[in-house]
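Fold and contact review
Take a look at the letters that make up each chain.
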Amino acid sequence: MPQVPLSARLTGQDIVVAPGVYDALGAVLAERAGFSAVYLSGASIAYCRFGRPDIGLVGMSEVADTLSAIRERVGVPIIVDADTGFGNALNVARTVTLFERLGANAIQLEDQTLPKRCGHLAGKTLVSTGEMVGKIKAALDARANDETLIVARTDAIAVEGLQAALSRGQAYVDAGADVLFVEAPRSSGDMEEIVKRFQARVPLMANMVEGGQTPMKTAQDLQSVGYSLVIFPGGLVRAFARMASDYFTSLRQHGSNTPFSERMLDFQGLNDLLGTPEMLAKGSSYDAGNFEGRDD
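Residues numbered from 1 in each chain as written. Predicted model: local features only at pLDDT ≥ 70, side-chain atom pairs only at ≥ 80, totals over all residues. Heavy atoms only, no water.

Topic: the overall build of the protein
Defined as follows: The helix count covers DSSP runs of H or I at least four residues long, the strand count covers runs of E at least two residues long, and both are numbered beginning at the N terminus. The reference for a compact globule is 2.2 Å times residues^0.38; the radius of gyration itself is calculated from the C-alpha atoms. Contacts are residue-level and defined by heavy atoms, with any inter-residue pair within 4.5 Å sufficient. None of His or the chain ends enter the tally, which takes Lys and Arg as positive and Asp and Glu as negative. Taken as the charge location is NZ of Lys, CZ of Arg, CG of Asp or CD of Glu.
Each helix and strand counted, the protein has 13 helices and 8 strands in total. Against the 2.2 N^0.38 benchmark of 19 Å for 296 residues, the protein shows a C-alpha radius of gyration of 21 Å, consistent with a compact globule. Oriented by its inertia axes, the alpha-carbon framework of the protein measures out at about 70 × 60 × 35 Å. Intrachain contacts of the protein at a sequence separation of at least 6 include 69% that bridge at least 24 residues. Distance between charge centres in the protein, computed from 27 positive and 35 negative side chains, equals 6 Å.

Below you can see the structure in the form of structure tokens.
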């Protein structure tokens, strides 16, 4: 059955919930859990691949490699965090071309300067509105398919205040952005004002960060306010970090995984999840013995 385009889902009645992932295994687990989209988080790549914070250390090729591995394993739409586009408007165009070819369904660009940092950290700085509009135009020109959505993110609330963020958002929507993401609103009132200003014009994206600047809300809460898409970009990393810390503590204490076994997959369980029996069977179908003695 053909996938429903992400654009159609974002204009439907139900909010799209996209958990953050940073590798193919996480994407497989999210898809099997029933999520209709995933969010490839640049922050989570930094956390898990490098053990570093989200302060602009991840490059375009590293995101591209991760995206390629994820697309090989899942069929759900992938929303890709492309940070600033990794440079100027020409870099944005190259990023969009590459990410779209590798299977991105939506590409998020933000108006921070280089090096960027997490939207919920202090000390962010912004490019001019005009520069960001140029990047959005470059992204739109570079995509090969109109169903590849360009998500415009502004970090202006933390730097210039809510009204400036609304003005920037207006410029980005006017430039043709398919989805608007006003990052890190500080209150429910801020979120309602964002929705009031833009809901009739463009799908709106919300970001839920445990311990971040924005009040935590459920997907249903956000849907009732008027958001079309919500991401939980770092939730999996935070859950994994807590679980892994508990695992190492247990192993160090007991010298065995037995006390932790109820919280683990065993060898067979993991191979079943990964599809190992099916892959081995498929490989066997190509064994040389199946073709020896054939004249064709």
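Looking at the sheet that holds strand β2 (residues 38-40)
Backbone-to-backbone hydrogen bonds pair the strands of a sheet. The strands run either parallel or antiparallel. For the record, the criterion: Note: two strands are recorded as paired if DSSP finds a minimum of 2 bridges between them. For helices, the fitted line uses only the C-alpha atoms of the stretch in contact; every axis is such a line through C-alpha atoms, and the angle between N-to-C directions lies from 0 to 180 degrees.
Taken together, 8 strands build an open sheet; the order of strands is β6-β5-β4-β3-β2-β1-β8-β7 and the sheet is parallel. Each edge of the open sheet is held by one strand with a lone partner, namely β6 (179-182) and β7 (205-207). Averaged over all neighbouring strand pairs, the angle between strand axes comes to 25°, with direction disregarded. Looking at chain direction, β2 and strand β3 (residues 78-81) are connected through 3 bridges and run parallel. What sits directly across from Leu40, in β3, is Val80. Each of β1 (16-21), β2 and β3 touches helix α4 (residues 60-73); the most contacted strand, β3, lies at about 170° to it.

Digging into the nonpolar core
Going by this rule: Within this scheme, the nonpolar core is defined by two criteria: the residues are buried Ala, Val, Leu, Ile, Met, Phe, Trp, Tyr or Cys, and they are joined through side-chain atoms within 4.5 Å. Exposure classes here rest on a 1.4 Å probe applied to the protein chains alone. A residue is buried below 20% of its type maximum, exposed above 50%, and partly exposed in between.
The biggest cluster of nonpolar side chains holds 41 residues, and the ones touching the most others in it are Leu40, Val63, Ile70, Val80, Phe99 and Ile136. Those residues within four positions of Phe99 in sequence are excluded, and the remaining contacts are Met60, Val63, Ala64, Leu67, Val80, Ala82, Phe86, Ala104 and Ile107. Among the nonpolar cores identified, the runner-up in size contains 22 residues, and Leu166, Ile194, Met208 and Tyr227 belong to it.

Let's talk about helix α6 (residues 129-142)
Under the convention used in this document: By definition here, a helix of n residues has an expected span of 1.5 Å times n minus one.
With 14 residues, α6 extends 20 Å from end C-alpha to end C-alpha; this agrees with the ideal 20 Å at 1.5 Å per step. By the burial criterion, the buried members of α6 are Met132, Lys135, Ile136, Ala138, Ala139, Leu140 and Ala142.

Observations concerning the environment of Ile45
Checked against the element boundaries, Ile45 lands in helix α3 (residues 42-50). For Ile45, a relative accessible area of 2% corresponds to the buried category. Along the backbone, Ile45 and Ile136 are 91 residues apart, and their C-alpha atoms lie at a distance of 24 Å. When residues no more than four places from it in sequence are discounted, the contact partners of Ile45 are Tyr22, Leu40, Phe50, Val58, Val63 and Thr66.

What to know about the state of the cysteines
The test is simple: The criterion for a disulfide is a pair of cysteine sulfur atoms lying within 2.5 Å.
Overall, the coordinates contain 0 disulfides when judged by the stated rule. Left unpaired, Cys118 is separated from the closest cysteine sulfur, that of Cys48, by 14 Å. Given a relative accessible area of 14%, Cys118 falls into the buried group.

Describing unusual backbone geometry
Backbone torsion omega between Leu114 and Pro115 reads -10°, so that peptide bond is classified as cis. Along the polypeptide, Pro115 turns up in the loop between β4 (106-110) and α6. The backbone of Asp83 sits at a positive phi, close to 50°, despite the residue not being glycine. By relative accessible area, Asp83 is classed as buried at 5%. Unlike most non-glycine residues, Ala184 shows phi in positive territory, near 60°. With respect to the element layout, Ala184 can be found in the loop between β6 and α9 (188-198).

Comments concerning empty space enclosed by the protein
Basically, it comes down to this: Here a cavity is any set of points on a 1 Å grid over the protein atoms alone where a 1.4 Å probe fits but cannot get out, and a pocket is any open set with protein on both sides within 12 Å along at least 5 of 7 lines; a residue lines the site when it has an atom within 4 Å of a point. Grid points are joined across faces, edges and corners, and a volume is the space filled by probe spheres set on the points. Each residue gets one label: Ala, Val, Leu, Ile, Met, Phe, Trp, Tyr, Cys and Pro are nonpolar, Asp, Glu, Lys and Arg are charged, and the others, such as Gly, are polar.
As enumerated under the stated definition, the model contains 1 cavity of 30 Å³ or more in all. Of the pockets and cavities examined, the largest cavity occupies roughly 40 Å³. What lines the largest cavity is Val182, Glu183, Ala184, Pro185, Met191, Met205, Ala206, Asn207, Thr214 and Tyr227. For the lining of the largest cavity, a count of residues per class yields 7 nonpolar, 2 polar and 1 charged.

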